[in-house]
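Reading the structure
Below, each chain spelled out in residue letters.
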Amino acid sequence: MNVLGNLRKRFSSGMGSPTMPPIGAPIKEASDKRGPPPPPLVVQSRIRQRGKKNTPVKEQKVLRREVFDDAIKGKIDLKKLGDIAEAGIPDDLRSTYWRVLLGYLPPDESLWEEELIKKRKQYKDFCDEFIVLPESVKDKLEREKGSPQRASAEDDENEGFETFDGDHPLAADTNSLWSKYLANRTVLQIIDVDIPRTMPSLHFFNSDSGDYENLMRAIETSNGATFTRNQQHLRRLLFLFAKLNPGLGYVQGMNELAGHLFYTFAKHPHTFDKHIEDAEADSFFCFTILVSYLGDNFCRTLDRDELGIQGSLNLYKEKFQSADPVLYEHMEALNLKPEFYCFRWVTLLMSQEFIVPDVLRIWDFLFASATNINDRLFSTCVAMVMTIRDTLLTGDFSTNMQALQDFPPTNVDGFLEHAMNLLAS
């Protein structure tokens, strides 16, 4: 039975993780031993440690803000920046911090403007190159071929379509403009299923503002659906990612990662951001970098390979067993495998487990050392499980699956401090 393949199908259809073990799987008797509790959450915020013991609260807040402001000026120490970021980044500085921590902006403030101009022009070039529409087919053909002649209307195969000098919807040439347009629609059919599901509770994605007629025409909807302005920006960057990465393409769930990036960049623009398109372009590049850091978790052909999601889940299991062997053995005895609950956590960086502010706070911690993001991610997953340790040790399979699939409200800073402890151990 291909558990991961079925998980992707369930996940894509919005069904979530399975709630029962595989048929015929042996269920061991669960241990009643609770074992020793996990280590106490004693790690304090590194920013708070910089203040003096007797410093008044208001003065501590000013110091905290000054530390964040100073860390992104001039030549930037990435190690120091990461240490500061993992304590939680102020909302209005988060987009700048993430751009630097992910490696999109260089660690030198004086180079930012030049780099952003170059990258945003590159993104515009991608839009011009890869987005092909029916109304643009004729225009491009006329520019490239002079004055094309329309094919005979007697050609029943292509009746109802504009055909130009052999370029028509049924043309065998895969490089024809009609072929490119139809290939684009195939990609969009998958993306358009996920766009309305992206952060649906946010006014940011579900309301319109301003004149976006030109953007709406930028990519024709594949199923006649109507998308808001910000949904259009999101679908365009996902579409371009799929076109530029044909080996991976678009995988359902990528919308959550790109959506949180775009929301953050658009809601709190950088100094050099003049238009919403700037946030779209930066989100595209940061999303591309993030997917590269996450390895091959989205590569379906590697699902059963150590390089893919199975390898990531195995690394999580090793960290979990080392951190709390008693709880680990209890979960194994119940046949409650990481594939049943941790698959979504790892692939979507907990973006569906918590409210948006908490997700952004978790990502501050994960991005604090983006090149080491997987270790931080697995530590966070283990800390989450250990947060509800008592519930899991007394529950059966069904009770525990419900707790893990619908994670209870919790203090995010608390289990992130625990994750820091696990990183240091």
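Source: prediction; values computed, not measured. (Residues numbered from 1 in each chain as written. Predicted model: local features only at pLDDT ≥ 70, side-chain atom pairs only at ≥ 80, totals over all residues. Heavy atoms only, no water.)

1. Quick look at the overall build of the protein
Along the backbone of the protein there are 21 helices and zero strands. When each of the 425 residues of the protein is scored for burial, the buried share is 52%. Once local pairs closer than 6 in sequence are excluded, the contacts in the protein between residues at least 24 apart make up 71%. Total accessible area on the protein stands at roughly 20,700 Å², and carbon and sulfur atoms take up 51% of it. (Helix = DSSP H or I, 4+ residues; strand = E, 2+ residues; numbered from the N terminus. Buried < 20%, exposed > 50% of the residue type's maximum accessible area, 1.4 Å probe, protein only. Contact = heavy atoms within 4.5 Å. Areas by Shrake-Rupley, 256 points an atom, 1.4 Å probe, with all protein chains shown as cover.)

2. Remarks on helix 14 (residues 309-323)
With 15 residues, helix 14 ought to run about 21 Å at 1.5 Å a step, and its terminal C-alpha atoms sit 21 Å apart, in line with that. Taken together, the buried positions of helix 14 are I309, Q310, G311, S312, L313, N314, Y316, K319 and F320. (Expected span 1.5 Å × (residues − 1).)

3. A short note on the confidence of the model for the protein
Summarising the model, the protein shows a mean pLDDT of 77, and 66% of its residues fall at 70 or more. With pLDDT under 50 throughout, residues 9-53 is counted as low confidence; its partners more than four residues away or in other chains account for 83 contacts. Predicted confidence is poor over residues 210-218, with pLDDT under 50, and the contacts of this stretch with residues over four places away or in other chains come to 13 contacts. (pLDDT = per-residue confidence, 0-100.)

4. Topic: helix 13 (residues 276-293)
The end-to-end C-alpha distance of helix 13 is 26 Å, a good match for the 26 Å that 18 residues give at a rise of 1.5 Å each. Across the 18 residues of helix 13, 14 count as buried, placing the element largely inside the fold.

5. Observations regarding the packing of helix 4 (residues 78-85) against helix 5 (residues 91-101)
Where helix 4 meets helix 5, the axes come as close as 11 Å, and the angle between the chain directions of the two elements is 135 degrees. Classified by the angle between their axes, helix 4 and helix 5 sit oblique to one another. Seen from above, helix 4 lies across helix 5 with left-handed handedness. Of helix 5, the residues touching helix 4 (which contributes L78, L81, G82, I84 and A85) are Y97, V100 and L101. Considered class by class, the residues forming the contact of helix 4 with helix 5 number seven nonpolar, one polar and no charged. (Axes fitted to C-alpha atoms, helices over the stretch in contact; angles between N-to-C directions. Parallel < 35°, antiparallel > 145°, perpendicular 65-115°, else oblique. Left-handed = near helix turned anticlockwise from the far one by under 90°. Nonpolar A, V, L, I, M, F, W, Y, C, P; charged D, E, K, R; others polar.)

6. Comments concerning unusual backbone geometry
A negative phi angle is the norm for most residues apart from glycine, just as the trans form is the norm for most peptide bonds. One non-glycine residue, N335, adopts positive backbone phi at about 60 degrees. On the secondary structure map, N335 appears in the loop between helix 15 (325-333) and helix 16 (342-348). Notably, M350 is not glycine yet its phi reads approximately 65 degrees, a positive angle.

7. Brief notes about the environment of E353
On the secondary structure map, E353 appears in the loop between helix 16 and helix 17 (356-367). Separated by 54 residues in the primary sequence, E353 and F407 have C-alpha atoms spaced 6.3 Å apart. Setting aside residues up to four positions removed in sequence, E353 forms contacts with R344, W345, L404 and Q405. A polar contact is formed between the side chain of E353 and the side chain of R344, at a distance of 2.7 Å. (Polar contact = N/O pair within 3.5 Å; in protein donor to acceptor, adjacent residues only side chain to side chain.)

8. Topic: the side chain of N400
Considering the arrangement of structural elements, one finds N400 in helix 20 (residues 397-405). Filtering out sequence-adjacent residues up to four positions away, N400 remains in contact with H330, L334, L336, T391, L392 and G395.

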